[in-house]
Structure formats: C-alpha cells, structure tokens
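Residue-level listing of the chains:
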Amino acid sequence: LRKVSLGLERSLFLLQGSLKNKKNMNRKILLLRFSIKLYISTFSKWKKSDALKLAKELLQTYENIFRQRNQLGRAAEENPEDTGTQQFIEGWSNQLKDLEHKITKLIGKSEFQTQLNLIKMRSNETEAQALGEPEAEVSPLFEQNSAIPSNEETIYELLLNPAASLENNVPSDTAQTRPESDAATETYIQNLKDQNYSKFIEDLILIRGDLAKLTPNRPDLESTLNETLDDELILQQLQAGVFCKTSLYNIISFIGERIQVLEAPSRNEESQMLLLNLRDKYLDESLSWEDLAPLGIRYSKERIEFIRLDMANFQLRLLSQRISDGTGIKYVRDSFNALIQDGTIAVSQEEIPEKTQHFISMHKAGSSSAIECARKGFVAVICLEDFLSNVSSLPETLKRFDIPRLALLNSQIKKICSMVALDKVFSEWTGNGDDRTVTLHRRMSVLIEDKNTTKEDVEEEVVQRVRDVKSDMTFQQESKLRYDISLAQSFQSNEFRPLLGRISSALNYEFEGVEKGLQDPDHIKFEDTEYFVHSLEGLENWRVEVLSIFKEAQKLFKVNYQVYSPYYMKSFNLVDL
C-alpha cells in the first residue's frame, strides 16, 4: 500500500505539473490564435483596399475604351463598308471583356454591373453635351517625331482628302535601330557571342516601353511586362551564362502574345505565321540563341510599328469626322493667325501678310472680287515656267502647306506639255504610225506617274523607241534626235508655251466653277470639266492625265480659299481703296 501510495503521489504531482504547464500552453495558444486572427483581419482589409484601388484604375480604363468603342460604332453605322473600323471595334470589345473579367474578380459581378450602369449614364451625358459643340483644339495625334506631320498639316491634309492615311513606310525611332541588313545582323550576333549585351538589353527595354505605351492606364499589364522583361534579371542571367535559347523563345512568345492582342485582327494571321517561323528556327539545333535574337527583335519592332500605324490611321478617321463641319477650316486659319500674332509671319501696316497682299494686288486688274484675284494668281503659280525660282516670292497662304502640291501639279503640267512635243518629234522621225504612238504614250504615262523620272529617262525612252523603228540610225542621226528631244522638253519648244497657255486658260475657266461652287458645292461637275479638257487642242492623247490634274487643282484651290479667304478679301479691299 505504501508503494502504491507513493506511486499515486508521484502521478498526482506529475499530473498537477502537467495541468499547470497545460494552462500556460493554453494561454500561449489563445494568444497565438488571437494574433493570427488579427493578422488575417488586417491582411483582408489591406487586400480589399488594394483590390478596390486596382478596380478603380481598371474601371477608368474600361470607361475610356467603352466611350471610344461607342464613338467608333456610330462611325461604323455611317460607313458600314469600312472593314478597318469593324476590326477596331472587335479588338476593343475583346479588351472590354478581358477587363470585365478582371474587375468582376476584384469587386464581384453585382458591383461591376452597378459601375457599368454609371459608366453608361456618364457616357450618354457627355455625348449629349457635345452635340453641336465641336472643339477647335485637337489633341496630338502622335508622339513627338520629326518625321510625323504637325496637327495643322494633318488637318489640312484631311480637308483635302478626308480618306487620307499614313503609309507603311512611316519612319519611326525604332526603325533606326532595327537590325535589317545581313551585315547589321551579323554584327548583332557577333556582339552577343562576344558577351556584349548592351544593345540586346536596350532593345528589350525599348520593346517593353513601347508595349506599355500602347496599353496606358493598365497597371496590371505594365506589371506583367516589367516582370517578364526584367532587364536587370535578364542581364544577370546572361552574365551568369544561364540564359539560353528557351529563355529567349519564352520572351519572344510573350511579346508575340501581347502583339496579337493589340494589333488589328486582320494582321493576326501574318503575325502568327512569323511566330511559327521563329518557332521553326528555335527548333533548329544548328542555331544558337544568339542567332535567333536579332530575328525576334526585328519581329517585335516591326509588329509594334504596324500597331502604331493602324492606331494613327484610326485616329485620322475619327479626326476626319470631327473637322467635317468647318472646325478644321477654323483650326488651320487660327493657327495661321497665331503665327501672325507672334511675329513669325511678317505683316504690312494694314496687318496683312506682306506677300499675300502683294499676291492679290498683282491680279487686281480686271478682277471684280477677291476670289477672282486669288483664282488668277493660283493658276499663274501652277503654270509657272520656272516654279522653283519663284517659291520665295509666293504668298504666305500658299507657302504654309501647299508648295509641295503646287510643285507637283506644275511639274505634271510641264511634263504633259513636253510629252505632246515629244509625240510630234517621234512622229517626224518614225512617220505616222498609230500603234507606235500608242505604245510610246503608254510608256510615257508610266514615266509621268513616277515622281523620280528625269529628262534623261524620257530621252532614253524616246531614243529606244525610235531605234526600234530605225535600226540603221547613224551616230549623227542619233545626235540630231537627242537634240530634238532636248528641245521638246525645254521652254523653247514651238509647242511648249502655246500649250501651257491653253492649259492656263482652261484652268481659269474651270476655277470659275469653283468660285460658284464655294457658294453652291453642287455647282462643280467634273463631267463639264472633262468635256472642256477634251476640247483642248493637242491634248487628245493625254485627256486622263490632264483631267486628273484639273481635279486636284480644283480641290486645292477650294480648300485654300476657304481657309485664307479673310486675308484675300481684306487685301482686295485695301487695294481697291
């Protein structure tokens, strides 16, 4: 019993100690549980706050895209045949679906629906307020780039051609750094093999920045870009020798996925084919990652340039609609007036641009209105025998944006005059042959369309056609032929000046129709123009080309007068006094 008693006492002592320890342990467990609950509560509050902040940013992006898509949708209804607009609508609709999915995960479907209703209401209110109140100020269309036209130039171009668009060969800052030639590609690859990674890292940073700019107000996408194209991490991998072909291919694949989301759907197929081509090269064991790198960089930069081009042309279509009600005319006129106010354009005592006032005064005789003076002056400029020598004396209203177009019209008119003279030379040397003359005319038509055609090109063409008929032509005869051709292309030709005068008279006749058309746009009828051109003696073989020149000249004069008419009228009234 004593032994049992001692055993029980020992067990009781241990039990009492255990209970005491358990009590302390329970306190620690309770304290730990409370700490965990407090942490979870604090973390949940922070997570919810962060989610709401991110949701707010995504909702702002959603609203911007929603409004732009609706605006474009109205444009598509007015022009249902514009497939490019439909593609943009489809692309933006896909972006909205992606944003909706992300926002719903953050704030729930019910709250998203509430926010969507608010967005629709604000969008309708904004559209209602904007009706009948077009803005004169136009936001920049493009990022700063010396090769891109200014807003004023862009709007003036749209006034002349509402369907104007930028071409594929628009230069960009990335084009200058793109490894294109074989020599540049070889140098690029060799630098990588020599562990000179600076250019490669620089290209990745540029691509990352370009993709981020194409998706503004998307912190989620920017974060993904920064993580995937982490230049510091990639450089560390390169220096440690762990960057491999798979590493590069994963980067290019990621960039390709982003590009296919951003680019117009019509370009997706081509983009996918290029990616498949890169994949084939990736699987080619004879090629290293250094060999693949310039191809991936080139693909990325070229596709980004296409995206920029499509976005710029899309903005041009929107802008063309905004300026169609006279806003564009006012914008260009106001920008011209601003140059007068800041002293960029010199003015007379009457505060009229000096050369513009002189331009109107020169054609005052026999004119009854400012528009008649402007018309005569405009035709005289187009038909100048030596256009380039007279550029400095042209009025400020023409020098602002019209010099390249006027120079082209002048060149085309003089080329046609020369072609008519050359037709006569060709007939004198080969005899009357309708088939031969038609063949020469077709070839000359091609040469006229090429802005880079020189007098030497035309001379060689005519000489070759004459040789086809007179294969036994001697050296002396060929020298005489070349002299006749040279004379036909100069002002001294017997046909040149009379024909130039007839074209000038015809232009004046047609511009009278433009005068009336400025008050009644339906008055201008190109059928009348074509009929009159056909009646011009000596131009029977060049009717299509002359008609094209007349239409362009009419359009240019009409827009120019609409923009600068206040200065022409003020100049005319002063001269009249």
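Residues numbered from 1 in each chain as written. Predicted model: local features only at pLDDT ≥ 70, side-chain atom pairs only at ≥ 80, totals over all residues. Heavy atoms only, no water.

**Q** Just to check I follow, could you spell out helix H12 (residues 327-341) for this structure?
**A** Taking 1.5 Å per residue, 15 residues should reach 21 Å; H12 reaches 21 Å between its end C-alpha atoms and fits that length. By the burial criterion, the buried members of H12 are Thr 327, Gly 328, Ile 329, Tyr 331, Val 332, Ser 335, Phe 336 and Ile 340. A positive backbone phi angle near 85° is found at Gly 343, which sits one or two residues after H12. (Helix = DSSP H or I, 4+ residues; strand = E, 2+ residues; numbered from the N terminus. Expected span 1.5 Å × (residues − 1). Buried < 20%, exposed > 50% of the residue type's maximum accessible area, 1.4 Å probe, protein only.)

**Q** Please explain a negative patch on the surface as it appears in this structure.
**A** Residues Glu 449, Asp 450, Glu 456 and Asp 457 make up a contiguous surface patch of negative charge. Positionally, Glu 449 belongs in helix H17 (residues 434-449). Taking the relative accessible area as the measure of exposure, Glu 449 reaches 66% and is therefore exposed. (Patch = residues over 30% accessible without salt bridge, like charges linked within 9 Å, V, L, I, M, F, W, Y side chains within 5 Å. Areas by Shrake-Rupley, 256 points an atom, 1.4 Å probe, with all protein chains shown as cover. Salt bridge = Lys/Arg side-chain N within 4 Å of Asp/Glu carboxyl O. Lys, Arg positive; Asp, Glu negative; His and termini not counted. Charge placed at Lys NZ, Arg CZ, Asp CG, Glu CD.)

**Q** Help me out: how do you make sense of the nonpolar core in this one?
**A** Across soluble globular proteins, nonpolar side chains show a tendency to be buried alongside one another. Membership of the largest hydrophobic core comes to 79 residues, with the highest contact counts inside it found for Ile 382, Ile 413, Met 444, Leu 507 and Tyr 568. Ignoring sequence-local partners within four residues, the contact set of Ile 413 consists of Ile 382, Cys 383, Leu 500, Ile 503, Leu 507 and Ile 549. Listed in part, the 30 residues of the second largest apolar core include Leu 211, Leu 225, Ile 252 and Ile 297. (Core = buried A, V, L, I, M, F, W, Y, C linked by side-chain atoms within 4.5 Å. Contact = heavy atoms within 4.5 Å.)

**Q** Can you walk me through the confidence of the model for the chain in this structure?
**A** Low pLDDT means the predicted coordinates in that region are not meant to be read closely. Residues at a pLDDT of 70 or more form 75% of the chain, whose mean pLDDT is 78. With pLDDT under 50 throughout, residues 170-180 is counted as low confidence; its partners more than four residues away or in other chains account for 29 contacts. The low-confidence segment residues 519-527 (pLDDT under 50) makes 10 contacts with residues lying over four places distant or belonging to another chain. (pLDDT = per-residue confidence, 0-100.)

**Q** What is the right way to look at the packing of aromatic side chains in this model?
**A** Where two aromatic rings form a pair, the distance of their centres and the angle of their planes describe that pair. On inspection of all chains with the given rule, the structure shows 11 aromatic pairs. Taking 5.3 Å as the distance between ring centres and 40° as the angle between the ring planes, the aromatic pair formed by Tyr 156 and Phe 401 counts as tilted. Of the two residues, Tyr 156 sits in helix H4 (residues 151-160) while Phe 401 sits in the loop between helix H15 (396-399) and helix H16 (403-430), which places them 245 residues apart along the sequence. Ring geometry for Phe 243 against Trp 289: centres 5.0 Å apart, planes inclined by 75°, an arrangement best described as edge-to-face. Highlighted residues: Phe 243 in the loop between helix H8 (231-240) and helix H9 (245-262) and Trp 289 in helix H11 (residues 289-322), separated in sequence by 46 residues. Take Phe 243: its relative accessible area is 7%, and that puts it in the buried class. A connected cluster of aromatic rings, assembled from ring pairs, spans Tyr 197, Phe 200, Phe 243 and Trp 289. (Phe/Tyr/Trp six-rings, centres within 6.5 Å; stacked < 30°, edge-to-face > 60°.)

**Q** Would you mind going over the environment of Ile 251 with me for this structure?
**A** Tracing the chain through its elements places Ile 251 in helix H9. Taking relative accessible area as the criterion, Ile 251 reaches 6% and is therefore assigned buried. What Ile 251 contacts, discounting residues up to four positions off in sequence, is Leu 204, Leu 229, Ile 234 and Phe 243.

**Q** Whenever I open this one, the pattern of salt bridges confuses me. Can you help?
**A** Two side chains bearing opposite charge may form a pair once their charged atoms approach each other closely. Here the structure, examined in full by the defined rule, presents 21 salt bridges. Ionic pairing is found between Lys 376 and Glu 372, a salt bridge with its closest N-O pair at 3.7 Å. In this pair, Lys 376 and Glu 372 are both assigned in helix H14 (residues 370-382), 4 residues apart and thus about one turn of the helix distant. Of the residues examined, Lys 376 reaches a relative accessible area of 23% and is grouped as partly exposed. By relative accessible area, Glu 372 is classed as buried at 14%. Ionic contacts of the salt-bridge type, sharing partners, join the residues Glu 459, Glu 460, Arg 467, Glu 478 and Arg 482 into one network.

**Q** Could you clarify how one ought to interpret empty space enclosed by the protein in this entry?
**A** Gaps between atoms show up when a probe of the same size as a water molecule is rolled over them. Under the counting rule described, the total for this entry stands at 2 cavities of 30 Å³ or more. Taken as a whole, the largest cavity holds about 40 Å³ of empty space. Tyr 188, Asn 191, Leu 192, Asn 196, Lys 199 and Phe 200 are the residues that line the largest cavity. For the lining of the largest cavity, the secondary structure elements donating two or more residues are helix H5 (182-193) and helix H6 (198-214). At 3 residues, the largest contribution of residues to the lining of the largest cavity is made by H5. For the lining of the largest cavity, a count of residues per class yields 3 nonpolar, 2 polar and 1 charged. (1 Å grid on protein atoms, 1.4 Å probe; cavity = no way out; pocket = protein on both sides within 12 Å on 5 of 7 lines; lining within 4 Å. Points joined across faces, edges and corners; volume = space filled by probe spheres on them. Nonpolar A, V, L, I, M, F, W, Y, C, P; charged D, E, K, R; others polar.)

**Q** What am I meant to see in H4 here?
**A** Helical geometry note: an α-helix holds 3.6 residues per turn, so side chains three or four residues apart project in the same direction. Taking burial as the measure, the 10 residues of H4 include 7 buried ones, the bulk of the element. Along H4, the positions that sit buried rather than exposed are Asn 151, Thr 154, Ile 155, Tyr 156, Leu 158, Leu 159 and Leu 160.

**Q** Sorry, what's going on with the side chain of Glu 263 here?
**A** Checked against the element boundaries, Glu 263 lands in the loop between H9 and helix H10 (268-283). Reaching out from Glu 263, the side chain makes a polar contact with the side chain of Asn 268 at a distance of 2.9 Å. At 3.5 Å, the side chain of Glu 263 forms a polar contact with the side chain of Arg 303. (Polar contact = N/O pair within 3.5 Å; in protein donor to acceptor, adjacent residues only side chain to side chain.)

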